[in-house]
Amino acid sequence: MTSPRHAAFDILRQVEDGAFADLALDSALRRLKLNDPRDRALLTELVYGVLRRRGRLDFALSLCCRQPLAKLEPAVLRLLRLGAHQLLHLERIPAHAVLNETVNLARHLGLERATGLINGVLRRLAREQHDLAWPDAATAPRAHLEQALSLPGWLAGYLLDQFGREEACRLAQALLEPAPFTLRANRLKTTRAELLESLAATGHEARATRYAEDGLILEKRGPAALPGDAEGLYQVQDQASQLIAPLLGARASESILDACAAPGGKTTHLAALADNRAKILALDLHPQRVDLINQGAARLGCAGIQARAWDMGHTPDFVPPGSLDRILVDAPCSGLGVLRRNPEIRWRRQHQDLCALAALQSAILAAAAPLLRPGGALLYAVCTFTREETEEVIAAFLEKHPDFVREDLREQAPASWQELFDEHGALRTLPHRHDGMDAFWAVRMRKR
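Cut-off values and rules
Residues numbered from 1 in each chain as written. Predicted model: local features only at pLDDT ≥ 70, side-chain atom pairs only at ≥ 80, totals over all residues. Heavy atoms only, no water. Helix = DSSP H or I, 4+ residues; strand = E, 2+ residues; numbered from the N terminus. Rg over C-alpha atoms; globule rule 2.2 N^0.38 Å. Buried < 20%, exposed > 50% of the residue type's maximum accessible area, 1.4 Å probe, protein only. Contact = heavy atoms within 4.5 Å. Areas by Shrake-Rupley, 256 points an atom, 1.4 Å probe, with all protein chains shown as cover. Lys, Arg positive; Asp, Glu negative; His and termini not counted. Charge placed at Lys NZ, Arg CZ, Asp CG, Glu CD. Core = buried A, V, L, I, M, F, W, Y, C linked by side-chain atoms within 4.5 Å. Polar contact = N/O pair within 3.5 Å; in protein donor to acceptor, adjacent residues only side chain to side chain. Phe/Tyr/Trp six-rings, centres within 6.5 Å; stacked < 30°, edge-to-face > 60°. Lys NZ or Arg CZ within 6 Å of the ring centre and 35° of its normal. UniProt positions renumbered as here; feature names shortened; annotations may be inferred.

**Considering the overall build of the protein chain**
Of the regular secondary structure elements, the protein chain holds 18 helices and 12 strands. Taken against the 2.2 N^0.38 rule, which gives 22 Å for 448 residues, the C-alpha radius of gyration of the protein chain at 24 Å falls within 12% of a compact globule. Projecting the C-alpha coordinates of the protein chain onto the three principal axes gives extents of approximately 70 × 50 × 40 Å. Counting across all 448 residues of the protein chain, residues that qualify as buried make up 54%. For the protein chain, the proportion of contacts with a sequence separation of at least 24, taken over those separated by at least 6, is 72%. Summed over its atoms, the accessible surface of the protein chain is roughly 19,500 Å², and 50% of this surface lies on carbon and sulfur atoms. Here the protein chain holds 56 positive side-chain charges and 55 negative ones, and the gap between their average locations is 3 Å.

Pasting the structure below:
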């Protein structure tokens with residue numbers, strides 16, 4: 001039987017080779033016989049913890065290793081990171097157990113030659129961890145963001161420039177923490193109050209979200225499975241994501257386009273808000289992801305959704321111009337607002353990617369614009385906070401499309417949501433400010 005540490009080592013190798021952490025982890029959990037929930041939890045923590053805190057781990061290891069980390073074999077460095085994460089962040093695991101398990105795994109992997117180095121570095125880290133000289137946030141903020149809060153250098157500088165020292169540190173700290181497990185009660189079949197009662201009755205602890213009307217956050221799981229999954233009583237969906245469909249303002253009998261729809265959480269939310277009486281066209285580039293939309297709609301009991309594959313870099317030739325009442329462009333983006341959920345993005349994304357993504361976002365908006373009727377609404381949303389993908393994309397779009405005008409979302413949002421908008425009336429959520437939700441940005445435009 002593969003141990004959680006061995007499985008974590010294999011998943012981290014796959015991620016280094018280009019795999020997505022969540023998909024690799026899900027595959028491993030299905031494949032391996034980890035019957036003990038503690039083993040499954042340890043595997044998840046090792047994978048996500050190492051990916052989130054790689055910069056912090058490497059800084060600590062560099063202080064305890066005589067060789068530059070860049071010169072170590074990738075497999076050896078991977079083992080050191082796994083051991084360092086357990087020593088620094090998993091207090092329930094004794095140091096001697098961390099050292100023994102890591103050295104034994106090295107031997108099992110055929111790395112006997114490196115066991116002396118691994119044992120020496122981790123033993124020194126265990127001995128000196130409480131005396132490590134982490135860069136100070138006040139006097140060396142960029143180094144603090146990189147080495148204590150585990151951001152790549154370009155992103156550390158970006159956050160300092162956009163948010164200032166204090167808030168950049170608060171945001172970076174929030175992005176290191178596990179994301180909350182948030183559900184949207186499916187109003188087609190139940191209410192939030194009823195779902196909260198069902199969860200409590202089966203031993204789970206949950207609370208209502210502060211902003212999203214149908215949302216609830218699972219704070220502690222019970223031993224039983226979550227009630228209502230097969231019946232479609234809920235959708236797993238972050239609170240920030242749950243704000244998007246209401247801001248579009250879907251109504252019954254309207255024709256709506258969800259231009260970048262997979263996996264379908266916002267699509268099915270639109271259907272629920274319109275009481276299954278809207279006509280929704282859900283498009284996505286990849287056919288296999290279109291299947292996810294259809295599966296989710298069937299589970300939740302959503303009607304009126306037509307899902308098909310299409311590259312929204314081009315205007316769909318099967319949709320008549322000016323025929324849609326509302327369009328949602330939840331555009332592909334850098335994903336920096338969801339680093340807690342996709343920690344490998346932290347190390348893959350580069351500053352130069354932002355311009356390429358902004359060009360793609362602009363192309364999707366331009367392709368969608370002719371489909372909207374006069375008086376119709378278009379909502380643009382991204383799960384990031386960069387200027388290039390938010391304000392600059394919209395400014396460029398409005399300059400090229402004078403028949404569109406930007407709206408102030410504060411005028412149509414509930415009073416309890418007002419703190420979620422910036423001074424221009426755009427939605428801007430951040431995890432350290434707003435009930436732990438993901439970082440999203442959205443603006444709505446009206447066609448003249």
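Okay, back to it.
**Structural notes on the nonpolar core**
In this structure, Ile327, Val329, Leu365, Leu378, Tyr380 and Leu427 are the most contacted members of the largest nonpolar core, which totals 70 residues. Broken down by element, the residue count for this core peaks at 6 residues, all from strand β9 (residues 372-382). The residues contacting Val329, other than those within four sequence positions of it, are Ala259, Ile364, Leu365, Ala368, Leu378, Leu379, Tyr380 and Ala381. In terms of nonpolar packing, the next biggest core, distinct from the first, is built from 50 residues, Ala84, Val98, Leu125 and Leu132 among them.

**Regarding the side chain of Thr190**
Examined against the element boundaries, Thr190 turns out to sit in the loop between β1 (181-185) and α11 (192-201). Owing to a relative accessible area of 10%, Thr190 belongs among the buried residues under this scheme. A polar side-chain atom of Thr190 sits 2.9 Å from a polar atom in the side chain of Glu194. In this structure, Thr190 is in contact with Ala185, Leu195 and Leu233, ignoring residues within four places of it in sequence.

**Thoughts on the packing of aromatic side chains**
This structure, assessed with the given rule, holds 6 aromatic pairs. With a centroid separation of 6.3 Å and 75° between ring planes, the pair formed by Trp154 and Tyr158 is classed as edge-to-face. Placement of both Trp154 and Tyr158 in helix α9 (residues 153-163) is noted, with a separation of 4 residues, approximately one turn of the helix. The class for Tyr158 is buried, based on a relative accessible area of 6%. The ring of Phe20 carries Arg348 above its face, with NZ or CZ at 5.7 Å from the centroid.

**Description of the UniProt feature "active site" (unreviewed entry) in the protein chain**
This chain's UniProt record puts "active site" (unreviewed entry) on Cys383. Position of Cys383 relative to the elements: it lies in the loop between β9 and α18 (391-400). Once residues lying within four places of it in the same chain are set aside, the contact partners of Cys383 are Cys333, Gly335, Leu336, Gly337, Val338, Ala439 and Phe440.

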